[in-house]
Amino acid sequence: MSEMEPDVRAVQAAEGLPAQAGPPERRLGESLHFALRNPKLLIGGGVVGALLLTGLVAPLFVQEGPNVYVGPQAQAPSAQYWLGTTNFGQDVFAQFVFGLRSTFLVGLVGGGIAAVVGMVVGFTAGYRGGLVDEVLNMITNVVLVLPALVVLIIAAAYLQARGIALQGLFIGLTSWPWVARAVRAQTLSLATRDFVDLARLSGRRAHSIVFREIAPNMSSYLFMTFILLFGGAILIAAGLDFIGLGPTEGVSLGLMMHNAVTWGALQLGMWWWFVPPGLGITAIVGSLYIMNVGLDEVFNPKLREL
Amino acid sequence: TGGGGGEGEGGYPRAQTLYTTGTQWGPPANWNPIMNWEYTTGTVGYVYEPLFLYDPLAGEYIPWLAESEEWVDEDTYEVTLREGVEWSDGEPLTAQDVVFTYELGRFESVPYSNVWDWLESAEAVDERTARFEFETPRYQEWAYFTYSNPIVPRHLWQDRTEEEVTASANENPVGSGPYLYEDHSEDRQVYRRNPDWWAVEALDMRVAPEYIVDIVNTSNEVTQRLLTQGEVDLSNNFLPGINQTIEGNPTITSYFEEPPYMLAANTAWLVPNTTREPMDDPEFRRALASSIDLQQIVEGPYSNLVEPADPTGLLPAWQDYVDADLVEEHGFSHDPQEAESILAEAGYEDTDGDGFVETPDGDPIDLTLIVPSGWSDWMEAARIISENAQAVGINVTEEFPDQAALTDQRAAGEFDLVINNERQLSNTPWTYYDYMFRLPVQDSQNTVNFGRYENEELWDLTQELAETPVDDTEAMRATISEIQEIQLQETPIIPLWYNGLWSQYSTQHWGNWPSDAEDAPHYLPTTWRNYNQLGAVLTLTELEPAGR
Amino acid sequence: MSLDVNDLAVYYRTLRGDVRALDGVSFSLADGEIMGLAGESGSGKSTLGKSLIRMDARMRHVAGTVRLDGAELPVADDARMVPFRFHQVSLVPQYAMSALNPTRRIGRMVRELVRSRGVDYAGVHPELLRRLELVGLDEQVLRRYPIELSGGMKQRVVMVVSTLLNPSLLIADEVTSALDVSTQRAVAEALAGFRDRGFVKSMVFVTHDLALVHQIADTIMVMYAGRPAEKASSRTIIEAPRHPYTRMLISSLPEVGVTFAGKRLQGIPGRPPGLLDPPPGCRFRDRCPLAFDKCAEQPPFAEVAPGHWAACWKAE
Amino acid sequence: MLDLRQVTKTYRVGAFGGERLHAVRGVDLAVAPGEVVSLIGESGSGKSTIGKMVLRLIAPSAGAITFEGRDVAAVRGHRATKEYYRRVQGVFQDPFSCFNPVFTADRVFGLIRAEYHRSASAAAWRARVEEALATVRLDPAQVMGKYPHQLSGGQLQRLLIARALLLDIRMLVADEIISMLDASTRIDVLNLLGDLKARGLGILFITHDLSLGNYISDTAVILRRGRVVEKGPTGEVFAAPAHPYTRRLLSSVPQLHTTWEQADAALRAGGERACPGCARGGQPGAHGPVELAPGHHVGCFTAQD
Amino acid sequence: MRRYLARKILIYALTFFVAVSINWLIPRLMPGDPIRTMLSRGASGDEASMERMRAYYEQTFGLDEPAWQQYLNFWTSLARGDLGISVWLFPQPVTEILLSAVPYTLALLLPATLLSWVAGNRFGAFAARSKWLDNTLLPLGYVLTATPYMWLGILLAWGLGIVAGWFPTAGPYGFGSIPGWNWPFISDLVSHWFLPFASLFLVAFGGWAIGMRNMIIYELEAEYSTYLEALGAPRRLVRRYAFRNAVLPQLTGLAVQLGTIVAGALLTEIVFAYPGLGNLILEALNNRDFFLLQGAFLFIVVGVLIANFIVDVIYVVVDPRTRTQMQGSAA
Ligand SMILES: Nc1ncnc2c1ncn2[C@@H]1O[C@H](COP(=O)(O)OP(=O)(O)OP(=O)(O)O)[C@@H](O)[C@H]1O
Ligand SMILES: Nc1ncnc2c1ncn2[C@@H]1O[C@H](COP(=O)(O)OP(=O)(O)OP(=O)(O)O)[C@@H](O)[C@H]1O
Ligand SMILES: [Mg+2]
Ligand SMILES: [Mg+2]
């Protein structure tokens, strides 16, 4: 859970930088050029893409739901059950692909909400300044020190039925503070740029200055932030699932891991039940992080290597 | 391998120490035998002791602190204590202590305070004899009290306030039992053998382990690791897949060598909310009961670690009370066709063609079966039950609310179907009937009759049973048959399976564990709270160091 | 002859090909000479400066040699350049304001830097203090963090640090551009003072402000699009430039007293050519009022008068 | 047209705004139509602050700014603000930072259109833009649709001026608009300002380069630490600087045909004259503006305030 | 400096107040009745005596009072350092329970956090701009940070504990050990501590290493680095300087991350049955132990706040920029 460490890195990196690194030279084309040549981005993106595709497409080919008892119990991987079966005879592969789907969903919802909240708070605090800034900062600090997992544990228990989207929502609502901080710092520095003043001289309103002038300048950065939040949300969700506070319906990779552990998969040597979900999570999140560094190198000419 | 630790200086000698786990869910914090929901493993049994033990496997009461008992007349009960029993501080254990213990029940916060609803007086006739006069002698319940309530030392407790009696940790417990409190920390507690235990002389009995280390429960996964590493000798946890371990690992055994491997500890019930339509209809309940394929549950999530319950729901230990003829006549079993025909006959038909039946009034049926989230075996069972019910056209879906939320809903009667196994093995089926039929129904039903089933006749019979002397098994059987007749027809609550008395032991360091083998001890192999009184403590007297 | 640059060409590697930022530069610098390097933005001034001390990863040495005090400067070889840096060639960078590590006290930074170059710090410490005093800073600054100093102070600190080991060549790149007039003057005069006191033998003073550079420089080299256009003594460049570009540049400078109403000055029309794929021949051809056919051929940077070089067919 | 009266700006700085920084103090000045007023001073003397106050990007702490008789502080609300900007516009020092790097440079025109000329047809608008570009002598084909980094500083700076011309402006605040430019481009931009002035615009020309201030301005205002130390017709101020500070400043300006030594010599030759204002009835070091000649004021203030 | 600290303390105090209030509120919004949960663990379940006991214990815990009164009581007892009595581990005072659990959590958290931070930063700085390390070892770092704590923990437990048999996998020390200051016990303690520590360390290590790598690349490109290089400073010195600056944001990162690192420790504790706050919180939750939950929460919040404060102070000490800004030296 909680492994949002790299996020912070990116924030810091960004704080140390002018918001848009260097005068953009033929930005789009050039970015694309580097993107296509950046092994980190390609590998990371490739893995994430492949898993996403699996999560989207493979469930369509699984006839029965992931929790249906379809086969013999505790079978090792075979041609029929690619990843074997669980203690109860559920198809681990089916669970895995459905789990991928929910895992991506949690990432999307959690990461999305955290990104939106963090950005709104960050933009507002950074652009408005003054009292608004102080108050928002305070809120950010409070949320920051409240250990997200603990809040989530409590929140999870509070919800009687927990869906994946709801889980994502709660994760999103607790993991935005560092984004807010980072976006605020970025906004502060961008707001001193002359083009912001110029937009004001053109009669623009505050909100359109923020969203139409400032935000586009941070778009690559915001995108990277989202990716990190996405990965973070997946890890948090896995942590919650693991201690039994996961969704009460459906499957997710974390839940699979939880089930495998509670049902003694390790004890029984059923590695095919325990390993894939953990590996899946690690692969998704790890690839996201790698992709992020790749993106950083693409967007930031200073980091490019010729 | 790996750190059983502590051998040699500074540790408990492995060969003389028994490691147990499975009871204590948090740091040991309470040694107060009165607070029977709270005290740490062994407080009663190891340290404090009751007058009698009840051995459910043999079906008999074992005099323990008491030497004998006698109903002098219908309303008068006299118990005689053994000679020479002493508290671990050297004071003698007398009839005064027994009387004092029951007098404590005058405090409303004492769990057995309801004894005074029908007990009139308690007095010490002499040093070793205590006499109890009853208003209404509830023999069954009294027998339950005599073995389940431990006796506390009057000389140490008499000045205690209610708060000290029912809200204090009672550190440094002084009892009469085979062990003395030695030490505890966050995740364990240690007992040392009491060299002066009365039973050594009186019964020529010795508890084998010099030390008992009870390990606080954590996750199943950890317990499994500990068991595999030989760090734990007795685990009373439900460990899925343990059957395979038992089969595959010669050093890990259980009571039975084959399915269900474990003794039965309680019945899991499917409780329909009888205040709601259509669960108020016995026919519907019966159809539901017939739809459930218990075998699928037993083989699926439980991998045969449990057995399907008898239609009466009575535990195997009470087999004697099951009226086989009645079961033959009115019992139910998995039979989808039967279920469908019951439904059809009672007017439940699928009128709107959605594949699910509607009530005779044509209202759609849409039931929810709730099971606490995280109780994975039950969750799987609930899935199977819903599937089974849907297969016969009853629209049941499972839901997994948080446990506490479920408890709220259950107490308030705001549910359709719920699974519950609250009542444990005891000396009498009366405890089960009390659980099923207790009246009147309160706003909040916290421990019994969650289905809010109202049947005066059954409740009267239950009370009659309560007032039947425990040794009058004939009378008991008669009353129970009457109860079963109605119960089987009404099916107010559907028995599902027997939850096991989860016990798996490692023979690496200790042998002669209870099992159903001829020459093995036949006691309960468990450290669960209140099970020492069910003879589990005797298991300790039978253990032998391995390799002997 | 302290510095002798011969036909130096340095390109930037980019995605779209080489940017020929420096394309055949030759000049020499005498002992004690301060050479002002002027020219429009992008003409390759900084590139020249960097080439003489440290090329960054994107720069590629294509041709040419550099000799300093008679020894060859291995400008293309980063590792072999190391012994020369600081000791022989030193730099006051364009970004002097941010050249100091923000989290180190200045004194400590200097000490560590000097030691890392194998010089006994105790030996140079008194000299350091003396030179700081010379530029109007007291010993205190060594105990300060860069952020505690004003821009002008930082600039002067960097000057002192860079010249501490008495290099023969100092490259000062736009050191005054960010300063206001009074500070600008102080810094520029301090630099000249360093040369006078022999702290540095010779100096390349990069700026785009001709008015400033002629105040302190002995000679001025004007660059245009990666090539030298003209080099001569300051006075000559200001008063008798030969290259049309220089002339137009000078005539576009307003002076105190000249007003819009009185005398409307003219800029140079057009823009310098892109260096990615520069046109052959004289690179100023497109903007040059004097351009003629021969300009399709690249004019040599030839000595048109003693000490006066120009790259124009019409400079004779 | 534009009047600043006793305008003061105090920033809160330091740890959480605990200290005050007086960036501008009691500044009086006026700009008439067709007049270029140069605001000249060292870095940090408060020039940009004044410019920003005129442009309503920051609010004065005290004093009043009036534009065409109306108090600028009274301009409230989105509509009124827009109307104000229709008349008063600014161009800033760093042309690169004035353009949003992620959009094409001509977006600055788009903004104006979106806010002010919503109803104009595409063709009419295009014509307008081309006209404005023609005024700043830019070839539309060269600049339209290009990203800021593809244009030179001079081109960008001119685009910004063209942008201002799309509105019906009366007043232009030009904040150091040439200091980032090459010598040759610089003169072009200056000439352009001169042309605008000829069209009747009032220009507040902010610079620290005295030679440039001198080139086009009618009135020079010398700022020092937020105060006006000298103010008067440009020719007079440059030819006969009254305040010692002005004189020192002038002598530091690098000039092509005068070396610093010569300038110093000239300064010494003129003698270390005290501020003539003091002689005219002010306490040395502590008198406000004193009029030396018609329209030529000098003020001197104690060092610390 | 003093003003800065005063102001920070004010912010922290406010944060504390808000956090504590939320903390008080959240468990009370949860479904479930703690008293019933507590009593229902008992075996007997006579409905009548149960009701009586409920009333009695509700009063004992003050849960029969109106919410605002409970809130006030909460603050007054908090002021006395009294966090109430645990429902789950009745009648132990919450403070006592926590005090015996906190050392275990700290024993994992402090070394894992600090060592991973130091080691990760060193390694990241070392690997930066080295093509070889960048392409071989750093991906390992990415994978490590992306690993769910518990998954890694369980893998380690099975791999190094059960299969290899090198380490014990549960508890803070052998269940047969008697605590004491002797070698066997200490080595026992360390061998139990190692795996949970290692799993926390590894995940965090990967994160910091990558963070440092990314940061220091920026710093190596910074102008002060270029200047040093232009003056021929050896690579070591340049890196050392860059490191110093790159470490600063890492320090902020540490503060920002603390809350989440704590969460990771909780999960690890659960995997290794380490009797710290993690297991406690989970069980307190299952048992609806408001008071214990609140207490645990409070401990964590205060811990995180203190740690944040320390980081803030360290930051001020090591980064002169913040100090100067605080003195407000303008211009
Ligand atoms: N890293 C780079 N990659 C590609 N081209 C570069 C790079 N740095 C500089 N150039 C190009 O090289 C040419 C010379 O640049 P240089 O910085 O030497 O100019 P300059 O004369 O110092 O200009 P200025 O006065 O703006 O500092 C320019 O055309 C510039 O665009
Ligand atoms: N937003 C602000 N907050 C605090 N102080 C400020 C702010 N803006 C400017 N200042 C301070 O106000 C003073 C005047 O600044 P201003 O930008 O007006 O100077 P300037 O004359 O334009 O200088 P330059 O020539 O460097 O642009 C300076 O000391 C500056 O540090
Ligand atoms: Mg340059
Ligand atoms: Mg300014």
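As annotated in an unreviewed UniProt entry, chain E is ABC transporter permease from Streptomonospora mangrovi. The heading Sequence similarities (unreviewed entry) in the UniProt record of chain E holds the text "Belongs to the binding-protein-dependent transport system permease family."

Per an unreviewed UniProt entry, the recorded name for chain D is ATP-binding cassette domain-containing protein, and the organism is Streptomonospora mangrovi.

Novice: Please clarify how the overall build of chain D should be interpreted in this entry.
Specialist: Helix and strand counts for chain D stand at 13 helices and twelve strands. Whereas a compact globule of 305 residues would reach a radius of gyration of roughly 19 Å, chain D reaches 20 Å, a difference of no more than 12%. By sequence separation, contacts in chain D at least 24 residues apart represent 64% of the contacts at least 6 residues apart. In the structure as shown, chain D presents an accessible area of about 11,700 Å², 50% of it carried by carbon and sulfur atoms. Computing the positive centroid from 36 side-chain charges and the negative centroid from 29, chain D places the two 6 Å apart.

Novice: Explanation requested: the packing of helix α10 (residues 235–271) of chain E against helix α12 (residues 290–318) of chain E in the structure shown.
Specialist: Angle between the axes and distance between the axes: these two values describe a pair of packed helices. Residue and element names in this part refer to chain E. Direction vectors running N to C along α10 and α12 enclose 175 degrees, while the axes themselves pass 10 Å from each other. Considering their axes alone, α10 and α12 lie roughly antiparallel with respect to each other. Contacts between α10 and α12 pair Arg-244, Leu-248, Leu-251, Thr-252, Leu-254, Ala-255, Leu-258, Gly-259, Val-262 and Leu-266 from the former with Ile-300, Val-304, Ala-307, Asn-308, Val-311, Ile-314, Tyr-315 and Val-318 from the latter. Here the residues of the contact of α10 with α12 are counted per class, giving 14 nonpolar, three polar and one charged.

Novice: Would you mind showing me how to read the interface of chain B and chain E here?
Specialist: In many reports, interface size means the accessible area that the parts give up when they come together. Listed per partner, the contact involves 66 residues of chain B and 63 residues of chain E. Approximately 5,200 Å² of surface area, both sides summed, lies buried where chain B meets chain E, with 52% of it carried by carbon and sulfur atoms. Of all residues in chain B, Trp-37, Glu-186 and Arg-225 of chain B give up the largest surface area on contact with chain E, accounting jointly for 14% of the area buried on that side. Viewed at the interface, chain E and chain B are joined by zero salt bridges. Inspection of the chain B/chain E interface yields 14 residue pairs in polar contact (both at pLDDT 80 or more). Mapped by element, the contributors of at least two residues to the side of chain B that touches chain E are α2 (139–148), α4 (162–166), β10 (211–215), α6 (220–228) and α13 (403–412) of chain B.

Novice: What is the right way to look at the pattern of salt bridges in this model?
Specialist: Opposite charge on two side chains permits pairing when their charged atoms draw close. In the structure shown here, the tally under the stated rule is 55 salt bridges over all chains. Where Arg-225 of chain B meets Glu-221 of chain B, a salt bridge forms, and the shortest distance between an N and an O atom there is 2.6 Å. Note that Arg-225 of chain B and Glu-221 of chain B are positioned in helix α6 at a spacing of four residues, about one turn of the helix. No difference in accessibility class separates Arg-225 of chain B from Glu-221 of chain B, as the two residues are buried. A salt bridge links Asp-69 of chain C to Lys-201 of chain C; its shortest N-O distance comes to 3.2 Å. Within this pair, whereas Asp-69 of chain C is found in the loop between β4 (59–68) and β5 (71–72), its partner Lys-201 of chain C is found in the loop between α6 (181–196) and β8 (202–206), the two being separated by 132 residues in sequence. When its relative accessible area of 33% is taken as the criterion, Asp-69 of chain C is described as partly exposed. Connected through shared salt-bridge partners, Arg-204 and Glu-213 of chain A together with Lys-82, Arg-107 and Glu-115 of chain D make up one network.

Novice: I would appreciate a short explanation of the nonpolar core in the present structure.
Specialist: Burial of nonpolar side chains together is a common tendency in soluble globular proteins. Core analysis: the largest hydrophobic core is formed by 450 residues, its most contacted members being Phe-132 and Leu-270 of chain B together with Tyr-57 of chain E. Looking at this core element by element, the count peaks at 20 residues for α10 of chain E. Discounting residues that sit within four places of it in the chain, Phe-132 of chain B has contacts with Asp-75, Thr-76, Tyr-77, Val-79, Val-98, Tyr-102, Leu-119, Ser-121, Ala-122 and Trp-142 of chain B. By size, the runner-up hydrophobic cluster in this structure holds 80 residues, among which are Val-54, Tyr-116, Val-129 and Val-173 of chain D.

Novice: Explain the site of ligand 1 here, please?
Specialist: Residues and elements named next belong to chain C. Not every one of the 16 residues close to ligand 1 is listed here, only the nearest: Ser-41, Gly-42, Lys-45, Ser-46 and Thr-47. Between ligand 1 and Ser-41 there is a distance of 2.5 Å, counted from an oxygen atom to a side-chain nitrogen or oxygen. In the environment of ligand 1, an oxygen atom lies 2.8 Å from a nitrogen or oxygen atom belonging to the side chain of Lys-45. Protein coverage of the free-state accessible area of ligand 1, which is 630 Å², stands at 70%. Broken down by secondary-structure element, the contributors of at least two residues to the shell around ligand 1 are β1 (3–14), β2 (17–29) and α1 (45–53).

Novice: In this structure, what is going on with the layout of surface pockets? I would like to understand it.
Specialist: Residues and elements named next belong to chain E. Volume-wise, the second largest pocket comes out at about 730 Å³. Lining the second largest pocket are 31 residues, and of these Leu-110, Leu-114, Leu-254, Leu-258 and Ala-307 sit closest to its centre. Within the residue set of the lining of the second largest pocket, elements represented by two or more residues are α5 (94–127), α10 and α12. For the lining of the second largest pocket, a count of residues per class yields 24 nonpolar, four polar and three charged.

Novice: I'm lost on a negative patch on the surface in this one. Help?
Specialist: Residues and elements named next belong to chain B. A contiguous patch of negative charge on the surface is contributed by Asp-325, Glu-328, Glu-329, Glu-454, Glu-456, Glu-457, Asp-460, Glu-464, Glu-467, Glu-482 and Glu-485. When residues of the negative patch are traced back to their parent elements, those giving at least two are α10 (324–330), α15 (456–466) and α16 (473–490). The greatest single-element share of the negative patch, amounting to four residues, is contributed by α15. Structurally, Asp-325 can be placed in helix α10. Overall, Asp-325 belongs to the exposed group, its relative accessible area being 60%.

Novice: Whenever I open this one, the sheet that holds strand β6 (residues 88–91) of chain D confuses me. Can you help?
Specialist: The pairing of strands in a sheet comes from backbone hydrogen bonds and takes either a parallel or an antiparallel form. Residue and element names in this part refer to chain D. The eight strands lie next to each other as β6-β7-β8-β3-β9-β10-β12-β11, forming an open sheet whose pairing is mixed. One side of each edge strand has no neighbouring strand; the edge strands of this open sheet are β6 and β11 (287–293). Strand-to-strand twist of the sheet, defined as the mean angle between neighbouring strand axes without regard to direction, takes the value 20 degrees. In the sheet, strand β10 (residues 227–233) pairs with strand β12 (residues 296–300) via two bridges, with the strands oriented antiparallel. Within β12, the position partnered with Glu-230 by the bridge is Val-298. Strands β3 (36–41), β6, β7 (171–175), β8 (202–207) and β9 (219–224) of the sheet are contacted by helix α1 (residues 47–54), whose axis makes an angle of about 150 degrees with β8. Along the sheet, helix α8 (residues 183–198) makes contact with β3, β7 and β8, crossing β8 at roughly 155 degrees.

Novice: Is there a simple way to explain the interface of chain D and chain C in this structure?
Specialist: Between chain D and chain C, the contact holds 37 residues from the first and 42 residues from the second. Both sides of the chain D and chain C interface together cover about 3,400 Å² of buried area, and 56% of this is carbon and sulfur. By the criterion of area lost to chain C, the three top residues of chain D are Tyr-215, Leu-256 and Trp-260 of chain D, representing 24% of everything that side buries. Counting the contacts that link chain D with chain C gives two salt bridges. Where Arg-264 of chain C meets Asp-195 of chain D, a salt bridge forms, and the shortest distance between an N and an O atom there is 3.0 Å. Remark: the boundary between chain D and chain C carries nine residue pairs in polar contact (both at pLDDT 80 or more). Those elements that provide at least two residues to the side of chain D that touches chain C are α8, α9 (210–216), α11 (244–252) and α12 (260–269) of chain D. Ranked by residue count, the leading element in the side of chain D that touches chain C is α8 of chain D, at eight residues.

Conventions and cut-offs
Residues numbered from 1 in each chain as written. Chains lettered and ligands numbered in written order. Predicted model: local features only at pLDDT ≥ 70, side-chain atom pairs only at ≥ 80, totals over all residues. Heavy atoms only, no water. UniProt positions renumbered as here; feature names shortened; annotations may be inferred. Helix = DSSP H or I, 4+ residues; strand = E, 2+ residues; numbered from the N terminus. Rg over C-alpha atoms; globule rule 2.2 N^0.38 Å. Contact = heavy atoms within 4.5 Å. Areas by Shrake-Rupley, 256 points an atom, 1.4 Å probe, with all protein chains shown as cover. Lys, Arg positive; Asp, Glu negative; His and termini not counted. Charge placed at Lys NZ, Arg CZ, Asp CG, Glu CD. Axes fitted to C-alpha atoms, helices over the stretch in contact; angles between N-to-C directions. Parallel < 35°, antiparallel > 145°, perpendicular 65-115°, else oblique. Nonpolar A, V, L, I, M, F, W, Y, C, P; charged D, E, K, R; others polar. Buried area = accessible area lost by both parts, 1.4 Å probe. Salt bridge = Lys/Arg side-chain N within 4 Å of Asp/Glu carboxyl O. Polar contact = N/O pair within 3.5 Å; in protein donor to acceptor, adjacent residues only side chain to side chain. Buried < 20%, exposed > 50% of the residue type's maximum accessible area, 1.4 Å probe, protein only. Core = buried A, V, L, I, M, F, W, Y, C linked by side-chain atoms within 4.5 Å. Near = heavy atom within 4 Å. 1 Å grid on protein atoms, 1.4 Å probe; cavity = no way out; pocket = protein on both sides within 12 Å on 5 of 7 lines; lining within 4 Å. Points joined across faces, edges and corners; volume = space filled by probe spheres on them. Patch = residues over 30% accessible without salt bridge, like charges linked within 9 Å, V, L, I, M, F, W, Y side chains within 5 Å. Pairing = 2+ DSSP bridges.

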